[in-house]
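Analysis of the macromolecular model
What follows is each chain in one-letter form.
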Amino acid sequence: MFVLGLFAGLLLTPPASANTEGSLMVDIASVEVESGGTLAVYVYTDASNWLKPDRRVYGTIVPVTEKDVTVEIPNIPYGEYAVSVIQDLNGNEKIDMDWFPIPGPAEPTGVSNNAKALVGAPSFKDAKVQFNQPKLTLSIALER
């Protein structure tokens with residue numbers, strides 16, 4: 001009886017190879033190498049925290065070395081995410097703004113899906129992606 005129960009338990013256990021997390025690969029284009037600084041790559045899970053660096057769920061900061069850079073963020077559970085990238089020119093780990101003549105980022109920025117907005121920042125809804133595979137590559141082009 002015990003052997004039968006043990007055998008049934010093994011049949012109901014998911015295989016060890018069934019992954020529920022993977023790596024986000026972020027291909028970043030149009031990095032202003034001559035301006036220097038670092039690239040802050042931040043991952044968010046919902047609209048209420050979107051573009052608030054202190055509320056990111058994952059992230060990394062890498063030095064600017066090339067015009068095109070790939071950053072890997074490993075061990076992320078499958079789910080819905082949006083990614084932002086800032087070329088942080090002054091090391092404060094946030095987006096600095098220019099207010100004159102037209103308000104906008106003072107540093108190169110980009111978000112997943114290369115989402116845009118006519119006024120203000122792109123929405124979480126427009127930037128979100130479904131992450132459900134061992135490796136997902138996102139391409140983000142930086143702009144000012």
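Residues numbered from 1 in each chain as written. Predicted model: local features only at pLDDT ≥ 70, side-chain atom pairs only at ≥ 80, totals over all residues. Heavy atoms only, no water.

**Section: unusual backbone geometry**
Rule in force here: The helix and strand labels rest on DSSP assignments: H or I over at least four residues marks a helix, E over at least two residues marks a strand, and numbering proceeds from the N terminus. The buried label applies to any residue whose accessible area, calculated with a 1.4 Å probe on protein chains only, is under 20% of its type's maximum; exposed applies above 50%, and partly exposed to all values in between.
Located in the positive-phi region is N75, a residue other than glycine, with phi close to 60°. When you line up the elements, N75 lands in strand β4 (residues 69-77). Not every positive phi belongs to a glycine, and N113 is a case in point at roughly 65°. Note that N113 resides in the loop between β8 (109-111) and α2 (124-127). Given the relative accessible area of 44%, N113 is considered partly exposed.

**A short note on the pattern of salt bridges**
In plain terms, the rule: Take a side-chain nitrogen of Lys or Arg and a carboxyl oxygen of Asp or Glu: if they are within 4 Å of each other, that pair is a salt bridge.
What the rule picks out here adds up to 3 salt bridges. In this structure, E80 and K128 form a salt bridge, with 3.8 Å as the shortest nitrogen-oxygen distance. With a gap of 48 residues between them, E80 in strand β5 (residues 79-88) and K128 in the loop between α2 and β9 (129-131) connect regions that are remote in the sequence. In this structure E80 comes out as partly exposed when scored by relative accessible area, which is 34%.

Limitation: the analysis is restricted to geometry and does not speak to function.
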